[in-house]
Amino acid sequence: PSSIACTSSSPLILAAAPLMDLAFTPTYRDAAPAFQLIAGITALRVAEYGLILRAGGDTRSLWSSSLVLLGCNAVLVPPLVLLHGAEGAALGILLANLLAWLFILRRSGRLLATPLATVFPWRLYATTALVCAASGLAVDLIARRALPQGTSTLVELALRCGGFAAGYLAGAAALRL
């Protein structure tokens, strides 16, 4: 599941600018950084941990995790919006989701009588995320320098996604993910 979460969000993050062009118009390309941050939330959607809590009868933690998410958004988003505008809002939402995810993992660990360090496959998740990040950064650097101005949006999108897939598969094979 961690491979799916990281690899599904990475192309969205990597191809945000051309996706903005396709979905809207090139004038919306400036919204790409906010979209990239929001797309990062999908990397946290590794599994439905609410099922574990429901199966264990801990529905109170489900309510609590919703309150953690709501509270973190209320605390983090306004100041980040003041500091960084739309990107700040997206960053605040991403951080709030991260904190709520950690909260629910901790509650799941408590229910399963296992520490946070073992309730989730952290090493596999981190390795997969690093391979995704390395592939995405390499493709982004190459695309920014090698693609000529005026390259078709579809061509850019295909090259970015194809390059990411090739880089990820090579890295995953090298590390035996």
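Residues numbered from 1 in each chain as written. Predicted model: local features only at pLDDT ≥ 70, side-chain atom pairs only at ≥ 80, totals over all residues. Heavy atoms only, no water.

Undergrad: Tell me about the environment of threonine 153, residues and numbers included.
TA: By the element assignment, threonine 153 lies in helix α7 (residues 153-174). Threonine 153 sits 136 residues away from alanine 17 along the chain, and the two C-alpha atoms are 9.0 Å apart. Residues contacting threonine 153, with those up to four places away along its chain left out, are Pro18, Asp21 and Leu22. (Helix = DSSP H or I, 4+ residues; strand = E, 2+ residues; numbered from the N terminus. Contact = heavy atoms within 4.5 Å.)

Undergrad: Can you lay out the confidence of the model for the protein for me, pointing to particular residues and giving the numbers?
TA: The predicted coordinates should not be examined in detail at positions where pLDDT is low. When pLDDT is averaged across the protein, the result is 89; 95% of the residues are at 70 or more. Of all helices and strands in the protein, the one with the weakest mean pLDDT is helix α1 (residues 2-14) (66), whereas helix α5 (residues 59-112) scores best (95). (pLDDT = per-residue confidence, 0-100.)

Undergrad: Mind laying out a nonpolar patch on the surface, listing which residues take part and the relevant values?
TA: Taken together, the side chains of Leu124, Leu175 and Leu177 make up a nonpolar region of the molecular surface, amounting to roughly 250 Å² of accessible area. Along the chain, leucine 175 turns up in the segment after α7. (Patch = residues over 30% accessible without salt bridge, like charges linked within 9 Å, V, L, I, M, F, W, Y side chains within 5 Å. Areas by Shrake-Rupley, 256 points an atom, 1.4 Å probe, with all protein chains shown as cover. Salt bridge = Lys/Arg side-chain N within 4 Å of Asp/Glu carboxyl O.)

Undergrad: Tell me about the environment of cysteine 161, and name the residues and values.
TA: If you trace the backbone, cysteine 161 turns up in helix α7. When the C-alpha positions of cysteine 161 and alanine 117 are compared, they lie 33 Å apart, and in sequence the two are 44 residues distant. Residues in contact with cysteine 161, not counting those within four places in the same chain, are Pro11 and Ala15.

Undergrad: Run through helix α6 (residues 122-146), naming residues and quoting values.
TA: With 25 residues, α6 should reach 36 Å at 1.5 Å per residue; the first-to-last C-alpha distance of 35 Å fits that figure. Those residues of α6 not exposed but buried are Tyr125, Thr128, Val131, Cys132, Ser135, Gly136, Val139, Asp140 and Ala143. (Expected span 1.5 Å × (residues − 1). Buried < 20%, exposed > 50% of the residue type's maximum accessible area, 1.4 Å probe, protein only.)

Undergrad: Report on the packing of aromatic side chains, specifying residues and quantitative values.
TA: Tallied over the entire structure, the rule returns seven aromatic pairs. Ring plane angle 45° and centroid distance 5.9 Å describe the contact between tryptophan 101 and tyrosine 125, whose orientation is recorded as tilted. In this pair, tryptophan 101 sits in helix α5 while tyrosine 125 sits in helix α6, placing the two residues 24 residues apart along the sequence. Residue classification places tryptophan 101 among the buried positions, given a relative accessible area of 8%. For tyrosine 125, a relative accessible area of 11% gives the class buried. With 6.1 Å between their ring centres and 20° between their planes, phenylalanine 164 and tyrosine 168 make a pair best called stacked. Of this pair, phenylalanine 164 and tyrosine 168 both sit in helix α7, separated by four residues, roughly a single helical turn. (Phe/Tyr/Trp six-rings, centres within 6.5 Å; stacked < 30°, edge-to-face > 60°.)

Undergrad: Talk me through the state of the cysteines; I want residue IDs and the actual numbers.
TA: Going through the model one piece at a time under the given rule, you end up with zero disulfides. No disulfide involves cysteine 161; its nearest neighbouring cysteine sulfur is the one of cysteine 132, lying 13 Å away. (Disulfide = S-S within 2.5 Å.)

Undergrad: Residue-level account of the nonpolar core, with values.
TA: Core analysis: the largest hydrophobic core is formed by twelve residues, namely Ala43, Leu44, Val46, Tyr49, Leu53, Leu62, Trp101, Ile104, Leu105, Val119, Phe120 and Tyr125. Looking at this core, the elements with two or more residues in it are α4 (49-55) and α5. Top element by residues in this core is α5. It accounts for four residues. Sequence-distant contacts of leucine 53, that is, excluding residues within four places in its chain, are made with Asp58, Thr59, Ser61, Leu62, Ile104, Arg107, Ser108 and Leu111. Listed in part, the seven residues of the second largest apolar core include Cys132, Phe164, Tyr168 and Ala172. (Core = buried A, V, L, I, M, F, W, Y, C linked by side-chain atoms within 4.5 Å.)

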